[in-house]
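# Analysis of the macromolecular model
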Amino acid sequence: GTLSLGVEPETIELRLELCDPQQRCQQHSALGTRAAVTVATAELLDQVAARLGTVVPESDRQAWSAPPSRDDYATLLLGRSAAVWYGMLPPPPDAKRGTSPADPITRATRVDPTMHAAWWILGRDAYAHGELTRAIAAFEQARAHRPGRTVYQADLAASLAAAGRDARSLAAWEDLGPEREADPRFAVAWARAAWKAGSPPRAVSMLLGLHSTLWADPAVAELRVDLAGRDGIGE
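Residues numbered from 1 in each chain as written. Predicted model: local features only at pLDDT ≥ 70, side-chain atom pairs only at ≥ 80, totals over all residues. Heavy atoms only, no water.

### A closer look at the side chain of Asp155
Take Asp155: it is sitting in helix H7 (residues 150–162). Buried and unpaired, Asp155 has Arg124 as its nearest opposite-charge partner, separated by 4.0 Å. Here Trp120 takes part through its side chain, which lies 2.7 Å from a polar atom of the side chain of Asp155. (Helix = DSSP H or I, 4+ residues; strand = E, 2+ residues; numbered from the N terminus. Buried < 20%, exposed > 50% of the residue type's maximum accessible area, 1.4 Å probe, protein only. Lys, Arg positive; Asp, Glu negative; His and termini not counted. Salt bridge = Lys/Arg side-chain N within 4 Å of Asp/Glu carboxyl O. Polar contact = N/O pair within 3.5 Å; in protein donor to acceptor, adjacent residues only side chain to side chain.)

### Let's talk about H7
Between its first and last C-alpha atoms H7 spans 18 Å; for 13 residues at 1.5 Å apiece the expected length is 18 Å, and the two agree. Among the residues of H7, Thr150, Tyr152, Gln153, Ala154, Asp155, Leu156, Ala157, Ser159 and Leu160 are the ones counted as buried. (Expected span 1.5 Å × (residues − 1).)

### A look at the pattern of salt bridges
Applying the stated criterion across every chain yields a total of 14 salt bridges. One salt bridge connects Glu13 with Arg15, and the closest N-O pair in it is separated by 3.2 Å. Assessed through its relative accessible area of 30%, Arg15 is described here as partly exposed. Put simply, Arg97, Asp125, Glu131 and Arg134 are held in one network by salt bridges that share partners.

### A look at the environment of Asp112
Along the chain, the position of Asp112 falls in the loop between helix H4 (104–111) and helix H5 (116–128). Between the C-alpha atom of Asp112 and that of Leu77, which follows or precedes it by 35 residues, the distance is 9.4 Å. If near-sequence neighbours (up to four positions away) are discounted, Asp112 is found in contact with Ser69 and Ala74. A distance of 2.4 Å separates polar atoms of two side chains, one belonging to Asp112 and the other to Ser69. Here Thr114 takes part through its side chain, which lies 2.6 Å from a polar atom of the side chain of Asp112. (Contact = heavy atoms within 4.5 Å.)

### What about the packing of aromatic side chains?
Two numbers describe a pair of aromatic rings. These are the distance of the centres and the angle of the planes. Enumeration over the complete set of coordinates arrives at four aromatic pairs. Taking 6.1 Å as the distance between ring centres and 15° as the angle between the ring planes, the aromatic pair formed by Trp173 and Trp190 counts as stacked. Here Trp190 lies in helix H9 (residues 187–196) and Trp173 lies in helix H8 (residues 166–174), a separation of 17 residues in the sequence. Residue class for Trp173 comes out buried when judged on its relative accessible area of 3%. Taking the relative accessible area as the measure of exposure, Trp190 reaches 0% and is therefore buried. An aromatic cluster is defined as three or more aromatic residues linked by ring pairs; in this entry it consists of Trp173, Phe186 and Trp190. (Phe/Tyr/Trp six-rings, centres within 6.5 Å; stacked < 30°, edge-to-face > 60°.)

### Observations regarding the state of the cysteines
Taken as a whole and assessed by the stated rule, the structure comprises one disulfide. The disulfide partner of Cys19 is Cys25, and the gap between their sulfur atoms is 2.1 Å. The sign of the S-S torsion, about 110°, decides the handedness of the disulfide formed by Cys19 and Cys25: right-handed. Its relative accessible area of 33% is what places Cys19 among the partly exposed residues. (Disulfide = S-S within 2.5 Å.)

### Things to note about the nonpolar core
Of all hydrophobic cores here, the largest spans 43 residues; its most connected members are Trp173, Trp190, Leu207 and Leu223. With seven residues, the top contributor of residues to this core is H9. Apart from residues no more than four positions distant in its own chain, Trp173 is found in contact with Ala154, Ala157, Ala158, Phe186, Ala189, Trp190 and Ala193. Among the nonpolar cores identified, the runner-up in size contains eight residues, and Ile12, Leu14, Ala40 and Val48 belong to it. (Core = buried A, V, L, I, M, F, W, Y, C linked by side-chain atoms within 4.5 Å.)

### Digging into the pairing of strand E1 (residues 2–7)
Direction of pairing for E1 relative to strand E2 (residues 11–19): antiparallel, over a ladder of six bridges. Directly across from Leu3, in E2, lies its bridge partner Leu16. (Pairing = 2+ DSSP bridges.)

### Looking at the packing of H8 against H9
One can describe the packing of H8 onto H9 by two numbers: an axis separation of 8 Å at closest approach and a directional angle of 140°. In terms of orientation, H8 and H9 fall into the oblique class. Our pair here, H8 against H9, has a crossing hand that is left-handed. Touching Asp166, Ser169, Leu170, Trp173 and Glu174 of H8 are Ala189, Trp190, Ala193, Ala194 and Lys196, all from H9. Residue classes in the contact of H8 with H9 are distributed as six nonpolar, one polar and three charged. (Axes fitted to C-alpha atoms, helices over the stretch in contact; angles between N-to-C directions. Parallel < 35°, antiparallel > 145°, perpendicular 65-115°, else oblique. Left-handed = near helix turned anticlockwise from the far one by under 90°. Nonpolar A, V, L, I, M, F, W, Y, C, P; charged D, E, K, R; others polar.)

### Concerning helix H6 (residues 132–145)
The terminal C-alpha atoms of H6 lie 20 Å apart, and with 14 residues this matches the ideal 20 Å at 1.5 Å per residue to within 8%. For H6, the complete set of buried residues consists of Ala135, Ile136, Ala138, Phe139 and Ala142. Down the axis of H6, the buried side of the element spans an arc of 165°, and every buried residue falls inside it. Exposed side of H6, more than 90 degrees from the buried face: Thr133 and Ala144 are the residues found there. If you follow the buried residues of H6, they end up packed against H5, H7 and H8. (Arc of directions from axis to C-beta.)

Printed below as a string of C-alpha cells:
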C-alpha cells in the first residue's frame, strides 16, 4: 500500500493505492476535515478491509472514527509528537528529551494521559533510544487505554524481550490469542520468546506451523540454528 495526502485549507483527502503481488492496483480515497480527520481514516480503512476480505469487529470501527482526545489542543499536540517521531519536525535536543514542554512526544502524554496513540509514540521513541524500561511502561499505558490493539500488544512483547524479561514477553505474546500464532509478522519473535522462556518444543512447533515459503527468511533460519545448536532439537 502507498498512502498519500491531499491537503486543502479545510479538507484533507486520504488516498491509498493497494497492489497485489501481480501488481494489479486499486485506488481508494476518503475525504475528511482538519477537525475530524478520523472520519476519513475510518472510511479508508473500511475500504481496505473490504478489499482484503477482512471482517472488522464493530468495536474496531468505532475506535477508528473516534477522535484521539476530547481536547482539541491535546489532539494538536498528538499530531506534533507524531510529526517528530516520523521525522517531519526536528526532535528536541538530547538533553531535553523526556521533559515537558521541550519534548513534544512527552508533552502529549502529559496534557491528556488517556491518548493511547501518544503513549505508543513515546514507547516507540524510547525503544529507538534504548530506553527499554521507559518503553515498556509507555506500551503498557497505551494498552491500558486501548485494550486489544494488536500493535500495542506486539510492541510491548518485543520491548520485554529486548529487556530480557522472557517470561513476561511470552505472556504478552500469548495475550494476542492463538489465532495470531502463525501471523508472519509475529511468529518468529513469539517462537523465540517461547524458547527463551524455557519451552523449546513450543518454539519448534510454532516454526513448523509457518508456511514453507517463510523458511528461507533469515530470522527463521537463525532461530532454527539456535534451537538446533543450543538445545539439540531438530536439525
